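Tertiary structure, described
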Amino acid sequence: MAFEVSDGLLGTFVPIAVYWLYSGLYIVLDGLGMDDYRLHPKGDEETKNIVSKWTVFKGVLVQQAFQIAVSTLLFTVITFTASNYQEKLVIGDESGTVRKQPSALVIALQFIIAMFVMDTWQYFMHRYMHINKFLYKHVHSKHHTLVVPYAFGALYNHPLEGLILDTIGGALSFLVSGMTPRVGIFFFSFATIKTVDDHCGLWLPGNILHVFFSNNSAYHDIHHQLYGNKYNFSQPFFVMWDKILGTYMPYTLETRKGGGFEARPVRLNKAQQTKTD
């Protein structure tokens, strides 16, 4: 008998594989020399970051192990709920056991809805973790030990943060959009790629994600700096909530003396500063 893996299970493990494969691509690029495209000088990773890369690597593995455990449980519940909710998509023989996958247009609409839901959830939860001093000190500050972000540090979070922002946010996106578990594999893999890219610390020419999304590596780099701690909470796709609620910090991308780029904040006027404080 052939061994089959459910789409729900793949939806948990494939994004993790994508995380390390895509992060690995940036490690390879780093080895080829990326000084002309860095948002910070290479040495800043060692001098400004509070934790070592080895600590980050182990921390991400712990976070992902916790994510696997919770996601597996959630997917079991979600798949059952979604199966009942999407009975109209079930066709096949008389037993009705073969599920029809949605059309490309429906999938595109589901992606848009899921992106909006995930962005909304993560903006307000992320912002609250900065406002609440207890949560920031004991939970979210772990992520901000990386003042100079890099690709495989994207998920260097406290497990509680991973549960609230990523796991619950992903579950809500999945349920509200009505996507099937198979479509969920692609959506969560795409969200993973986007998150890694936002933390890569590079501004690469021809990056197609920068064409479609204003929320990018330079935008998120602003948030990781001390002066940007109260700004640019949006992640991982759009910047709408920051702009609507006054937490958007405009910036310019300038060539840095000695090579590379630097995201420099544009000074806010007093009215804007008061609104965001």
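Residues numbered from 1 in each chain as written. Predicted model: local features only at pLDDT ≥ 70, side-chain atom pairs only at ≥ 80, totals over all residues. Heavy atoms only, no water.

Here is the rule: UniProt positions are given in the numbering used here, feature names are shortened, and annotations may be inferred rather than shown by experiment.
An unreviewed UniProt entry lists the chain under the name aldehyde oxygenase (deformylating), with Digitaria exilis as the source organism. What the UniProt record of the chain gives under Sequence similarities (unreviewed entry) is the line "Belongs to the sterol desaturase family." Turning to the chain, the UniProt annotation filed under Catalytic activity (unreviewed entry) states: "a long-chain fatty aldehyde + 2 NADPH + O2 + H(+) = a long-chain alkane + formate + 2 NADP(+) + H2O".

**Some thoughts on the overall build of the chain**
Put simply, the rule is: Counting from the N terminus, the helices are the DSSP runs of H or I reaching at least four residues and the strands are the DSSP runs of E reaching at least two. Think of it in three bands: residues with accessible area under 20% of the maximum for their type are buried, residues over 50% are exposed, and the middle band is partly exposed, with areas taken using a 1.4 Å probe on protein chains only. We call two residues contacting when some pair of their heavy atoms lies within 4.5 Å. Accessibility throughout is a Shrake-Rupley quantity obtained with a 1.4 Å probe, and a residue counts as covered only by protein chains that appear here.
For the chain, the helix and strand inventory stands at 11 helices and four strands. Counting over 277 residues, the chain shows a buried share of 46%. For the chain, the proportion of contacts with a sequence separation of at least 24, taken over those separated by at least 6, is 68%. Accessible surface, the chain: about 14400 Å² in total, of which carbon and sulfur atoms supply 68%.

**Side note on the packing of aromatic side chains**
Threshold: Classification of ring pairs rests on two measures: the distance between centres of Phe, Tyr or Trp rings, Trp counted by its six-membered ring, which must be within 6.5 Å, and the angle between planes, read as stacked under 30 degrees, edge-to-face over 60 and tilted in between. In our convention, an over-ring charge means Lys NZ or Arg CZ found within 6 Å of a ring centre and within 35 degrees of that ring's normal.
Enumeration over the complete set of coordinates arrives at 20 aromatic pairs. Ring plane angle 85° and centroid distance 5.2 Å describe the contact between Tyr19 and Trp20, whose orientation is recorded as edge-to-face. Under the relative-accessibility criterion, Tyr19 is labelled buried at 1%. Residue classification places Trp20 among the partly exposed positions, given a relative accessible area of 24%. The side chain of Lys243 reaches across the aromatic face of Tyr248, ending 5.0 Å from its centre.

**As for a nonpolar patch on the surface**
Put simply, the rule is: Patch building starts from residues that exceed 30% relative accessible area and form no salt bridge, then joins like charges within 9 Å and nonpolar side chains (Val, Leu, Ile, Met, Phe, Trp, Tyr) within 5 Å. Every case where a carboxyl oxygen of Asp or Glu lies within 4 Å of a side-chain nitrogen of Lys or Arg is listed as a salt bridge.
A contiguous nonpolar surface patch, about 380 Å² in accessible area, is contributed by Leu109, Ile113, Leu172, Leu175 and Val176. Elements with a minimum of two residues in the nonpolar patch: helix H4 (104-131) and helix H6 (159-177). For the nonpolar patch, the element with the highest residue contribution is H6, accounting for three residues. Tracing the backbone shows Leu172 in helix H6.

**Some thoughts on the nonpolar core**
Using the following cut-off: Note on terminology: a nonpolar core comprises buried Ala, Val, Leu, Ile, Met, Phe, Trp, Tyr and Cys residues joined through side-chain atoms within 4.5 Å.
Tyr19, Tyr26, Val56, Phe187, Val196 and Phe237 are the most contacted members of the largest nonpolar core, which totals 31 residues. Elements that contribute at least two residues to this core include exactly helix H1 (7-32), helix H3 (53-85), H4 and helix H7 (181-198). Ranked by residue count, the leading element in this core is H7, at five residues. Beyond its immediate chain neighbours, meaning those up to four positions away, Phe187 contacts Phe111, Ala114, Met115, Met118, Ser173, Met179 and Phe237. The next biggest cluster of nonpolar side chains, apart from the first, holds six residues, and it includes Leu39, Ala218, Ile222 and Tyr231.

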